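# Working through the structure, step by step
Chain by chain, the residues:
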Amino acid sequence: MILLGMLIVGAIFLVVGWAVTTEMLQHRAWRRRVASGDTDIIGALIEEALNTWRRARPPKGIHPGTWAGVQSAQLVAVEPDGATLSASAEGEFRTEGGRRVQVTSPLDEAIAIAARLLDMMLYDVPNLRLGTVRVDVYTTFSEPDGTLAQRPILTVTADRAIAEDLAWDALTPAEILGRFEAHYVRDPAGRAIPIEVPPITGRPPRPAAEAAAEFTAQRERPTE
């Protein structure tokens, strides 16, 4: 009985050890591809992180509206050392004295969302340390014909060299954006004005299945 127990424990250790070793090798392979500037794996790692955040509940201390904006983020373009994302922001309303009043404006929400996304993209994507991250935030405007359209109201590009020296927890979202290349405009009443965003650099992310198939084909291609 003791021998059988020892065999079972040994088998469990072997299986766990094999799984841990396999995962470590996989992560090492991903980091090598990231270091080589492989935009497919960079895009795949970002998409995996975004999907994880979309499924998660708001972390403690993060306003639900800000977290909803984080969950709206989409990967727009990838570069060997950077990425561009877009997100949506809407104002928050609540009932006071029988009337619906605005508590935060779309631009206030956009600033908070952009600051949170920069933080998470720079530090919370496994196996990835991007040098730059750009976030464009959009909100909904009413067109002259009554239709609704989303237009950009904020753009910010963060550089890791600057980010590393920031006391993120001690700064407000507006102060964080003030440390980077941020652009947004308010009208005299404090409302957001649509802005022109810079041209997007990099390549659009490819579907993960397509990128994986090409990578497999390259590995199986005979060398001359």
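Just so it is clear, the structure is predicted and the values come from calculations on it, not from any experiment. (Residues numbered from 1 in each chain as written. Predicted model: local features only at pLDDT ≥ 70, side-chain atom pairs only at ≥ 80, totals over all residues. Heavy atoms only, no water.)

## So, the overall build of the protein
Within the protein, the secondary structure is distributed over seven helices and seven strands. Listing the helices and strands of the protein from first to last along the sequence gives α-α-α-β-β-β-β-α-β-β-α-α-β-α. Each of the 224 residues in the protein was classed as buried or not, and the buried ones make up 34%. If you take every contact in the protein between residues at least 6 apart in sequence, the share linking residues at least 24 apart comes to 61%. (Helix = DSSP H or I, 4+ residues; strand = E, 2+ residues; numbered from the N terminus. Buried < 20%, exposed > 50% of the residue type's maximum accessible area, 1.4 Å probe, protein only. Contact = heavy atoms within 4.5 Å.)

## What about unusual backbone geometry?
One non-glycine residue, Asn-127, lies in positive phi territory at about 65°. The topology assignment puts Asn-127 in the loop between α4 (106–123) and β5 (132–142). On the accessibility criterion, Asn-127 (17% relative accessible area) is buried.

## Points about the side chain of Ser-86
In this fold, Ser-86 is placed in strand β2 (residues 82–88). Beyond its immediate stretch of four places on either side in the chain, Ser-86 contacts Ser-72, Ala-73, Gln-74, Val-76, Asp-136 and Tyr-138.

## Overview of the packing of aromatic side chains
Scanning the model with the defined rule gives two aromatic pairs in all. Centroid distance Tyr-123 to Trp-168: 6.1 Å. Interplanar angle 85°. Geometry classified as edge-to-face. You can see Tyr-123 sitting in helix α4 and its partner Trp-168 sitting in the loop between α5 (160–163) and α6 (173–178), a full 45 residues away along the chain. Its relative accessible area of 33% is what places Tyr-123 among the partly exposed residues. The exposure class assigned to Trp-168 is buried, which follows from its relative accessible area of 12%. Each ring, one from Trp-168 and one from Phe-180, has its centre 6.2 Å from the other, and the planes form 35°; the classification is tilted. In this pair, Trp-168 is assigned in the loop between α5 and α6 and Phe-180 in the loop between α6 and β7 (181–183), connecting sequence segments 12 residues apart. Grouping residues by exposure puts Trp-168 and Phe-180 together as buried. Taken together, the aromatic side chains of Tyr-123, Trp-168 and Phe-180 make up a single cluster linked through ring pairs. Over the face of the ring belonging to Tyr-123 we find Arg-160, whose NZ or CZ atom lies 5.4 Å from the ring centre. (Phe/Tyr/Trp six-rings, centres within 6.5 Å; stacked < 30°, edge-to-face > 60°. Lys NZ or Arg CZ within 6 Å of the ring centre and 35° of its normal.)

## Describing the sheet that holds strand β6 (residues 148–159)
Taking strand neighbours across the sheet as the criterion, the five strands line up as β1-β2-β5-β6-β7 in an open arrangement whose pairing is mixed. Both edges of this open sheet fall to β1 (74–79) and β7, since each of them pairs with a single strand only. Taken pair by pair, the neighbouring strands of this sheet meet at an average axis angle of 20°, ignoring direction. Where β6 lies against β7, three bridges are found, and the strand directions are antiparallel. The partner of Val-156 across the bridge, within β7, is Ala-182. Relative to the sheet, helix α2 (residues 39–55) contacts β1 and β2, its axis offset from that of β1 by approximately 160°. (Pairing = 2+ DSSP bridges. Axes fitted to C-alpha atoms, helices over the stretch in contact; angles between N-to-C directions.)

## Description of the packing of α2 against helix α3 (residues 64–71)
With their axes 9 Å apart at the nearest point, α2 and α3 run at an angle of 145° to one another. Judged by the twist between their axes, the crossing of α2 over α3 is left-handed. On α3, the residues that touch Trp-53, Arg-54 and Arg-55 of α2 are Trp-67, Val-70 and Gln-71. (Left-handed = near helix turned anticlockwise from the far one by under 90°.)

## A few points about the pairing of β2
Counted residue by residue, β2 has six buried out of seven residues, so it is predominantly covered. Examined bridge by bridge, β1 and β2 share five bridges and lie antiparallel to one another. The residue of β2 that forms the bridge with Glu-79 is Gly-82. Between β1 and the antiparallel strand that follows it, β2, lie two residues. Taken together, the seven bridges between β2 and β5 define a ladder with parallel strand orientation. Within β5, the position partnered with Ala-87 by the bridge is Val-137.

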